[in-house]
Amino acid sequence: CAQQPHTHEEEKPDIAELTKTFQAMEDAYAKAQSSKDAEGVIVYYADDAQNLPNNQPVVKGKAAILERIKKDMATDSSGNVTTFKVMEVFAAGDLAVEIGKSTTKNAGGEVVNSGKYMSLFEKRDGKYVCIRDIWNNDRPQEME
């Protein structure tokens, strides 16, 4: 019994639509982060996600990521607000990579930091969730 050749092409992801989806996710993340809503931030992540944060060890699993987020929020009294801008999206099958930039402003609206990030998403149960992300700042780390 010979196998039939694969006759239909795999559906290509709509990059423009994915860019809108990821920007909406980033906007929700930023809003939750600014209002110190850790539960609002953590919905971004899959249960088995891993964070690769700037100047910190890898954080594995949604529960550990939530604890990191809560700790960061509890120790942040700066009043700064960070926003995220999707710059590029690459996708194939159920995986997509987003590359973006972050901008952090103080209460007076002055830019106090900028950075970049990369997030790997997987489509699970019909929606994308972040399974890996990494970010770092543009400015050099200040030595203690």
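In this report, we go over the structure that sits alongside the text. Just so it is clear, the model here is predicted, and its values are computed rather than measured.

Quick look at helix α1 (residues 15-34) now. For α1, with 20 residues, the first-to-last C-alpha span of 28 Å sits near the 28 Å given by 1.5 Å per residue. The set of residues buried in α1 consists of L18, F22, Q23, M25, E26, Y29, A30 and A32. Near the N-terminus of α1, the side chain that reaches the backbone nitrogen of A16, with its oxygen 3.1 Å away, is that of D14. After α1 finishes, the residue K36 shows a positive phi value of roughly 55°.

Spanning 14 residues, helix α3 (residues 62-75) covers 20 Å between terminal C-alpha atoms, matching the ideal 20 Å at 1.5 Å per step. Burial in α3 covers these residues: I65, L66, R68, I69 and M73. Projected down its long axis, α3 carries its buried residues within an arc of 160°, all on one side. More than 90 degrees from the buried face of α3, the exposed residues found are A63, K71, A74 and T75. Contacts made by the buried residues of α3 are with α1, α2 (38-42), β1 (45-52), β2 (59-60) and β6 (127-137).

Definitions and cut-offs
- Residues numbered from 1 in each chain as written.
- Predicted model: local features only at pLDDT ≥ 70, side-chain atom pairs only at ≥ 80, totals over all residues.
- Heavy atoms only, no water.
- Helix = DSSP H or I, 4+ residues; strand = E, 2+ residues; numbered from the N terminus.
- Expected span 1.5 Å × (residues − 1).
- Buried < 20%, exposed > 50% of the residue type's maximum accessible area, 1.4 Å probe, protein only.
- Polar contact = N/O pair within 3.5 Å; in protein donor to acceptor, adjacent residues only side chain to side chain.
- Arc of directions from axis to C-beta.
- Contact = heavy atoms within 4.5 Å.

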